[in-house]
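Letter by letter, the chains look like this.
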Amino acid sequence: MAGGMPLEFPAFISIPEIVERVRSGEIRIPTFQRSFGWDAKDVRDLFDSLYRGIPVGTLIFWRRPGPAGQIQLGPLSLTVPDVGDALWVVDGQKRIISLALALSPDVDDTDDAGERFAVYFDLGTKKFVHPGEGLISTRAIPLHEFRASSDLFAWLRNHSEDLTEEDFEAAHRLNDSLRSYRIPAYVVASDDRDLIRLISGRVNSAGKTMSRAEVFRVSFAGRPEPSSPASVAKELAARGFGTIPERYVRQSLLAIRGGDINRSLDEEFSPTEDPADWYDRTEQAIAKGIGFLQGIGVPHRELVPNMAPLPALAAFFHLYEDIDPWIGRLLARWLWRGWAHGFGEGGWPAALRKIVAGPDAPAADSDVGLSEPYRFVRALLHSVPDRPPPGVDLSNVNPVGAQGSLVLLALYSLHPLDAGGNPVDVAGELEEFGTDAVTEIIPDIQNFARQAANPALWPPSAPPLLEVRDPHILASHAIDDQLANLLANWRDWRDWGRDHFLRARGRAIDKIVHDFLDSRLEPGSIIRPPLGDLLVAGLGDEI
């Protein structure tokens, strides 16, 4: 490792080694597309650079398992074994594919996909040529003859009558160049897909830049084709927020592209579009939405009061990757108000249409200079009720219901502690146990089992909360000193003692939920732009 980063630097890799390791399956390339991106001239220029000793950039690999099977590199089909530490190409796909195919004798260069790799070295002109440019000289050697020196020597012997002494020298000079050339290469040893995206986005490649669709395929190295809602949902699940239903992935993609989010995906993409590009955009936008939800105190999907606005969040964060913290606060206010009071006339679909349609033009002179994200969020806030916190029914807390989620989020805001006094990993518990991570303080009682007074965000595998005496731990579960005193005698309780405790805790939770929602709904608060917008627009007097 270098500089604390999960990168290995294995010095340099030779051209023959690249070709042989591709053919053996040790080097893997994510799904090869017919829209390769390089034409015959690009391939010729690569070999010309190698011949002249011109740098061709750095290669970056990702060390991941490579399954056995059939792999397809354009016109070349290879059967490869299982490789536990295969090197998946992160940067350098076009260069490696060009080297492997141009130097392989079994590539069908009559195929449209293989024709660009039919490169020859003209010994007379010392230039790399292509059959598509005209008649090939009898003194031109197919590059695949340079894969092994024995192949080259056999070709030279068979064509010796057509060649001059200078031709032999040129052939040997190119052979020496291809065998002595070394390309610097890094290997990423981390499983962090965001690191792969970061590296791919910053690296300077020789030739044409790596597309985001290619980056997306790299991050799925060794796994099925990523262009589906199911595969994106699976990747998002690795973030510990829970599984996002595929319909929300599909709706998020369609929201990002614009239009009706309930239309079919069957004919969504034109022949010139790469679906992987759009699925990558969708995954990153949803990931930003998930990060936003976690940032406002929603640790896991199981506690989201209503998942329906997720496509709206994805569309918003696709348009605006970095937002002012104040705009984030206004966006959170819209969400909390929608969760508590409903998303206004037309519900969340109407809110989504506002985002998909784009911001309105400035409505007045005072709007000039105000940012699009602010005008978006302002319109969203105007669409939801601005009212004090609603009365929440505490008699039936269903963890999968909207009101139950609001109650549990209020309890989560107390930063619950475990038996050792450490923060409960609520997201981790929900990930492992689902809604069973919401435990009952007093188990096995029918009348109070689902009342807000009884549940706690207490680890199912921990000793019962009934037995805890530490006041700091109890306070983090909405059990104050008075309730703690009642709890201390729980073994001597009869029905009236248990009921007294639960009713007292219910009153405490009622206040906690009210204060929690009040701080997030911010009823009556003005909707103003971030300070930066006000200064740009010259509206400082509105602060």
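Numbers given to residues run from 1 along each chain, matching the order in which its sequence is written. Local features in this predicted model are restricted to residues whose pLDDT is 70 or higher, and side-chain atom pairs enter the listing and the counts only when it is 80 or higher, whereas totals over whole chains, interfaces and linings include all residues. Heavy atoms from the whole structure form the basis of all side-chain values; hydrogens and water molecules are not counted.

Visitor: Help me understand the packing of aromatic side chains, please; the structure alone is not making it clear to me.
Guide: For any pair of aromatic rings, geometry is given as the distance between the ring centres together with the angle between the planes. Two rings from Phe, Tyr or Trp (for Trp, the six-membered ring) form a pair when their centres sit within 6.5 Å of each other. Planes less than 30 degrees apart are called stacked, planes more than 60 degrees apart edge-to-face, and all others tilted. Within this structure, the stated rule accounts for 13 aromatic pairs. Measuring from ring centre to ring centre gives 5.5 Å for Phe292 and Phe317, while their planes differ by 50°; the resulting arrangement is tilted. Of this pair, Phe292 sits in helix α10 (residues 275-295) while Phe317 sits in helix α11 (residues 310-319), placing them 25 residues apart in sequence. Accessible area is worked out with a 1.4 Å probe on protein chains only. A residue is then buried under 20% of its type maximum, exposed over 50%, and partly exposed in between. Note on Phe317: relative accessible area 5%, which makes it buried. Arranged with centres 5.4 Å apart and planes meeting at 90°, the rings of Trp336 and Phe516 form a pair that is edge-to-face. Within this pair, whereas Trp336 is found in helix α12 (residues 325-341), its partner Phe516 is found in helix α19 (residues 495-521), the two being separated by 180 residues in sequence. Judged by relative accessible area, Trp336 falls into the buried class, the value being 2%. A residue is classified by how much of its surface remains accessible, and Phe516, at 5% relative accessible area, is buried. Each residue in the set Phe292, Phe316, Phe317, Tyr320 and Phe376 is aromatic and connected to the rest through ring pairs, giving one cluster. Per the convention used, a helix needs a DSSP run of H or I reaching at least four residues, while a strand needs a run of E reaching at least two, with both numbered from the N terminus.

Visitor: How do you make sense of the pattern of salt bridges when you look at a structure like this?
Guide: Working definition: two side chains of opposite charge can pair if their charged atoms are close together. Salt bridge, as applied in this entry: a Lys or Arg side-chain nitrogen positioned within 4 Å of an Asp or Glu carboxyl oxygen. In total, this model carries 19 salt bridges according to the counting rule given. Taking the shortest distance from any N to any O, the salt bridge between Asp106 and Arg23 comes out at 2.7 Å. Here the residue Asp106 occupies a position in the loop between α3 (93-102) and β8 (120-122), and Arg23 occupies one in helix α1 (residues 15-24), the gap between them amounting to 83 residues. According to the relative accessible area criterion, Arg23 is buried, its value standing at 18%. Salt-bridge contacts for Glu273 lead to Arg257; the nearest nitrogen and oxygen are separated by 3.0 Å. Residue Glu273 is found in the loop between α9 (246-257) and α10, and its partner Arg257 is found in helix α9; the two are separated by 16 residues along the sequence. Looking at Glu273, the relative accessible area reads 25%, which means it is partly exposed. The class of Arg257 is partly exposed, set by a relative accessible area of 23%. Connected through salt bridges with shared partners, the residues Arg257, Arg263, Glu268 and Glu273 form a single ionic network.

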